[in-house]
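# Topology and contacts: notes
Each chain, letter by letter, is given below.
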Amino acid sequence: MKLLENKTALITGASRGIGKGIAMEFARHGAHVAFTYNASAEAAKALEAELEGFGVKARGYQSNAADFDAAQQLVKDVIEDFGGLDILINNAGITKDNLLMRISEEDFDKVIEVNLKSVFNLTKAVLRPMLKQRSGSIINMSSVVGVKGNAGQTNYAASKAGILGFTKSVALELGSRNVRCNAIAPGFIETEMTAKLDPKTVDSWRDSIPLKRGGTPEDVANACVFLGSDMSAYITGQTLNVDGGMLT
Ligand code: NAP
């Protein structure tokens, strides 16, 4: 069953990893997919072609999610190119890990800008069109680290916890216009972001997860399909943990 037929989605940071997985599942479910990337132009071109293989419209846009004006321009372009926008997935994110003792002001600010301010930028940009059409689903990518904290990731944890407060507030502000806003808190998902981690740490994480494995981009994408589709029409302001039971 195709759950997203006739819907258009904008996914930030979809040139690889979780974002790419979401773009693929969305196209498989019949959604037209606009997506962004920061620097991976070639990967974006290749993904466009892959998505079109599902018979949907697809286009990649180079756009820095941390830039307010760029987000406004992006949403204008997407609506012009696709004729509307039903789902926004704020997925773009980075890490710049260090112990608080060593972290620089620059690395703190950068992570907050790319991970948290970007969510404000894009949500602001889709606000008017979604309010006007009296429907929309906004999905924000938080993290298990935003829920429980993590040593060596004060900047990242602050950005991801900030997303949770932002999500609940947006849900309260926009509910009366049928615009929903939810967050997903992935646990340990095996992508390029986690490939940078020490293999010993990775093994011990896998072992401590009740389902005894790292997650895949598809595991997160399936949760996004649910939250983007009308199957979740009565769900807003929630955080869905996609973590193999990590927080249980
Ligand atoms: P990833 O493999 O490193 O991919 C990051 C994506 O974000 C890339 O497409 C990248 O584009 C894009 N991006 C980076 N900076 C950007 C910017 N300023 N503007 C627009 N796009 C930008 O990361 P991932 O593991 O898939 O993670 C995706 C999201 O899930 C992130 O928000 C991350 O914090 C969250 N998350 C991940 C895990 C995990 O275990 N992997 C767990 C919890 C939460 P380029 O390719 O052009 O650089």
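Data block above holds the structure.
Residues numbered from 1 in each chain as written. Predicted model: local features only at pLDDT ≥ 70, side-chain atom pairs only at ≥ 80, totals over all residues. Heavy atoms only, no water.

### A closer look at the site of the ligand
- In the vicinity of the ligand lie 30 residues, with S15, A39, S40, Y156 and T191 positioned nearest.
- Contacts to the ligand include S15, whose side-chain N or O atom sits 2.7 Å from an oxygen atom.
- Residue Y156 places a side-chain N or O atom 2.5 Å away from an oxygen atom belonging to the ligand.
- Burial of the ligand by the protein chains amounts to 94% of its free accessible area of 910 Å².
- Mapped onto the shell around the ligand, the elements with two or more residues apiece are α1 (17-28), α6 (154-174) and α7 (192-195). (Near = heavy atom within 4 Å. Polar contact = N/O pair within 3.5 Å; in protein donor to acceptor, adjacent residues only side chain to side chain. Areas by Shrake-Rupley, 256 points an atom, 1.4 Å probe, with all protein chains shown as cover. Helix = DSSP H or I, 4+ residues; strand = E, 2+ residues; numbered from the N terminus.)

### Brief notes about the packing of α1 against helix α9 (residues 217-228)
- Between α1 and α9, whose axes approach to 8 Å, the crossing angle comes to 50°. Classified by the interaxial angle, the pair formed by α1 and α9 is oblique. Here α1 and α9 pass one another in a crossing that is right-handed. Counting all contacts with α1, which are made through G17, I18, G21, I22, E25 and F26, the residues of α9 involved are P217, E218, V220, A221, N222, C224 and V225. (Axes fitted to C-alpha atoms, helices over the stretch in contact; angles between N-to-C directions. Parallel < 35°, antiparallel > 145°, perpendicular 65-115°, else oblique. Left-handed = near helix turned anticlockwise from the far one by under 90°. Contact = heavy atoms within 4.5 Å.)

### Some details on the pattern of salt bridges
- Applying the stated criterion across every chain, the model contains nine salt bridges.
- E48 serves as the salt-bridge partner of K45, at 3.1 Å between the closest nitrogen and oxygen. Of this pair, K45 and E48 both sit in helix α2 (residues 41-52), three residues apart, roughly one helical turn.
- According to the relative accessible area criterion, K45 is exposed, its value standing at 56%.
- Taking the shortest distance from any N to any O, the salt bridge between R206 and D203 comes out at 3.0 Å. Taken as a pair, R206 and D203 lie in helix α8 (residues 199-208) at a separation of three residues, close to a single helical turn.
- The partly exposed category is assigned to R206, whose relative accessible area is 28%.
- On the basis of relative accessible area, D203 is assigned to the partly exposed category, the value being 47%.
- A single network of salt bridges, built from pairs that share partners, joins E190, D203 and R206. (Salt bridge = Lys/Arg side-chain N within 4 Å of Asp/Glu carboxyl O. Buried < 20%, exposed > 50% of the residue type's maximum accessible area, 1.4 Å probe, protein only.)

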